[in-house]
Amino acid sequence: MIERILPSRVVVEEAFSDPPHATLFPAEEELVRNSVEVRRREFTTVRHCARRALGALGVAPAPILKGERGAPVWPRGTVGSMTHCTGYRAAAVAYRADVRTLGIDAEPHAPLPDDVHDSIALATEQRRERELRGRNPGIHWDRLLFSAKESVYKTWFPLTHRWLGFEQADIVLRPDGSFTAELLVPAEELVATADAMTGAVPDAVPGTASGTQLRTSAAPPSVPRELRGRWLVADGLLATAIVVENVPDTP
């Protein structure tokens, strides 16, 4: 499903149930040792999806552990994002040489609880939602807004290692399946951290025939003020995705 809103250079694996053969590495098992069974299953399946996607990039199976603020730690030279909700799990990965960062999110296509909606939606967003509902009442625009904000955060955090509140992104949803997110943060926060970029790109991308040396910038690049994403609704689910692609160096 979600591959329909992602570029071809991003590899996606998804599951609509929990395969019984999916397993965890011991270090991953430790992360969910005290979790309830539902949490264990979704954690296991989404990592199973991630390893299959990474395998398509030529990356050997390895634990996908949690880093700062619970963000997944991806193998060197790759970026990725994972999502899970009732009846759906997915992982999307790419070479860091191609994609700086990405974020995906999936949710049930159902109304968002009022208390949650009020805590995540700006006044401008609520006004636009009312207009969208008037034109297309079959879409749960409130849940779609929540999902878009989740994708924004998953895209933002790997670059900055900084928290981003729901109120710090102004989302414009469009009926054509696209959206934009204006980041309402100070200019000094729109800079990728050195830690996020250190060792970001391997000397050679796995699976390439040439083994061409790949360069990193001398200074971390800026984070876009505006992020562009896509959304879809299908089979009782909705999904959002954002991809920030790398711009090749010019001679």
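Q: I would appreciate a short explanation of the overall build of the protein in the present structure.
A: Across its full length, the protein carries 6 helices and 8 strands. Mapped from its N terminus to its C terminus, the protein presents α and β elements in the order β-α-α-β-β-β-α-α-α-β-β-α-β-β. Per-residue burial over the protein gives 48% buried out of 251 residues. Relative to all contacts within the protein whose residues are 6 or more apart in sequence, the contacts with residues 24 or more apart total 67%. Per element, the accessible surface of the protein, about 12400 Å² overall, is 52% carbon and sulfur.

Q: Help me out: how do you make sense of the sheet that holds strand E3 (residues 88-95) in this one?
A: Adjacent strands of a sheet form backbone hydrogen bonds with each other and so pair up, either parallel or antiparallel. With antiparallel pairing, 3 strands are arranged side by side in an open sheet as E1-E3-E2. Lying at the two open borders of the sheet, with one neighbouring strand each, are strand E1 (11-15) and strand E2 (78-85). Shown here is a sheet whose adjacent strand axes are inclined to one another by a mean of 10°, direction ignored. Strand direction decides the pairing type here: E2 and E3, joined by 8 bridges, are antiparallel.

Q: Which parts of the structure should I look at to understand unusual backbone geometry?
A: Negative phi values dominate among residues other than glycine, just as trans dominates among peptide bonds. For arginine 69, which is not a glycine, the phi torsion comes out positive at approximately 55°. Relative to the assigned elements, arginine 69 resides in the loop between helix H2 (37-56) and E2. You will see that histidine 161, though not glycine, has its phi angle at about 55°, which is positive. Here histidine 161 shows up in the loop between helix H5 (141-160) and strand E5 (169-173). We classify histidine 161 as partly exposed; its relative accessible area is 30%.

Q: For this particular structure, what's the right way to read the pairing of E5?
A: Within E5, 4 of the 5 residues are buried, which leaves it mostly tucked inside the rest of the structure. Hairpin remark: E5 followed by strand E6 (residues 178-183), antiparallel, with 4 residues in the connecting loop; positive phi at glycine 177, about 90°.

Q: I would appreciate a short explanation of the pattern of salt bridges in the present structure.
A: Pairing between side chains becomes possible if they bear opposite charge and their charged atoms approach one another. Tallied over the entire structure, the rule returns 17 salt bridges. Where glutamate 28 meets arginine 51, a salt bridge forms, and the shortest distance between an N and an O atom there is 2.8 Å. Of this pair, glutamate 28 sits in helix H1 (residues 26-31) while arginine 51 sits in helix H2, placing them 23 residues apart in sequence. Taking the relative accessible area as the measure of exposure, glutamate 28 reaches 0% and is therefore buried.

Q: Would you mind showing me how to read the sheet that holds E6 here?
A: In space, the 5 strands of this open sheet follow the order E4-E8-E7-E6-E5, with antiparallel pairing throughout. Edge positions in the sheet fall to strand E4 (99-108) and E5, since each of these pairs with one other strand and no more. Taken pair by pair, the neighbouring strands of this sheet meet at an average axis angle of 20°, ignoring direction. Bridging between strand E7 (residues 226-234) and strand E8 (residues 237-245) involves 6 bridges; their strand directions are antiparallel. Bridge pairing in E8 links arginine 230 to alanine 241. With respect to the sheet, H5 is in contact with E4, E5, E6, E7 and E8, its orientation differing from that of E4 by roughly 150°.

Cut-offs used in this document
Residues numbered from 1 in each chain as written. Predicted model: local features only at pLDDT ≥ 70, side-chain atom pairs only at ≥ 80, totals over all residues. Heavy atoms only, no water. Helix = DSSP H or I, 4+ residues; strand = E, 2+ residues; numbered from the N terminus. Buried < 20%, exposed > 50% of the residue type's maximum accessible area, 1.4 Å probe, protein only. Contact = heavy atoms within 4.5 Å. Areas by Shrake-Rupley, 256 points an atom, 1.4 Å probe, with all protein chains shown as cover. Pairing = 2+ DSSP bridges. Axes fitted to C-alpha atoms, helices over the stretch in contact; angles between N-to-C directions. Salt bridge = Lys/Arg side-chain N within 4 Å of Asp/Glu carboxyl O.

Don't take any of this as a statement about function, it's just geometry.
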